[in-house]
Each structure stands twice: as C-alpha cells, then as structure tokens.
Amino acid sequence: MTDTSDSTESDELGTSILDLDVFDQLISMDDEEDEFSKQIVYNYFEQAETTFSNMEKAIKARDLARLSELGHFLKGSSASIGIKC
C-alpha cells in the first residue's frame, strides 16, 4: 500500500494558497513555450522581494502608513497571479 498523505497534504496546501482558476487563466494566455506566464511569475517574485525589503525599511522606520501601502500593493500583485492572501 502506498502512502499518499504527503501528496494529499501538498495538494491541499497548493489549493489553499493558489486560486487555480486565476492561475489557469494566466496560463491560457501562453504561447507554446509558456513564456508569458513564466515572465509574469518571475516578475512577481522579483517585485515581491523588493516589496518585502521596503516593508522591512518601513517597519524599522515605524512608518505604518507606508507599510500599509506596501501590504496592499503586495496583496493586489498576489491576487493578479492567483496567490491567496
């Protein structure tokens, strides 16, 4: 008997984090080489890295207004590729 608990747990985690309908829409815009969706996802992670860095700076500066702006921006960016917040 094969233990599928890891696979099931991974699938549940994936669907709880990712809105597959939104992500499928993104993928549907691809050409044959998936370049469009790859570039969108890569750009998201680059942008998220910068945003997290700026959030750290806002925390250190105790700039709650800026932190809120950045959080809102990150939430919107995340939603655009199907990441649930």
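Placed above this text is the structure.
First things first, this report covers the structure right here in the doc. What you are looking at is a predicted structure, and each value in this text was computed from that prediction instead of being measured.

What counts and what doesn't
- Residues numbered from 1 in each chain as written.
- Predicted model: local features only at pLDDT ≥ 70, side-chain atom pairs only at ≥ 80, totals over all residues.
- Heavy atoms only, no water.
- Phe/Tyr/Trp six-rings, centres within 6.5 Å; stacked < 30°, edge-to-face > 60°.
- Buried < 20%, exposed > 50% of the residue type's maximum accessible area, 1.4 Å probe, protein only.
- Axes fitted to C-alpha atoms, helices over the stretch in contact; angles between N-to-C directions.
- Helix = DSSP H or I, 4+ residues; strand = E, 2+ residues; numbered from the N terminus.
- Parallel < 35°, antiparallel > 145°, perpendicular 65-115°, else oblique.
- Contact = heavy atoms within 4.5 Å.
- Nonpolar A, V, L, I, M, F, W, Y, C, P; charged D, E, K, R; others polar.

This paragraph deals with the packing of aromatic side chains. With the rule as written, the count across this model stands at one aromatic pair. Consider the rings of tyrosine 44 and phenylalanine 45, whose centres lie 5.2 Å apart with planes at 80 degrees: the pair is edge-to-face. Assessed through its relative accessible area of 10%, tyrosine 44 is described here as buried.

What follows concerns the packing of helix H2 (residues 20-28) against helix H3 (residues 35-60). H3 packs onto H2 with a crossing angle of 125 degrees between their chain directions and a minimal axis gap of 7 Å. In terms of orientation, H2 lies oblique with respect to H3. Residues Phe23, Leu26 and Ile27 of H2 form the contact with H3, whose participating residues are Phe36, Ser37, Ile40 and Val41. Its residues assigned to classes, the contact of H2 with H3 comprises six nonpolar, one polar and no charged.

A few words now on the environment of aspartate 24. Examined against the element boundaries, aspartate 24 turns out to sit in helix H2. Classification of aspartate 24 by relative accessible area gives partly exposed; the value is 46%. Taking the C-alpha atoms as reference points, aspartate 24 and glycine 82, 58 residues apart in sequence, are found 8.8 Å from one another.

A few words now on the side chain of serine 77. The topology assignment puts serine 77 in helix H4 (residues 64-80). Setting aside residues no more than four positions away along its own chain, serine 77 makes contact with Tyr44 and Gln47.

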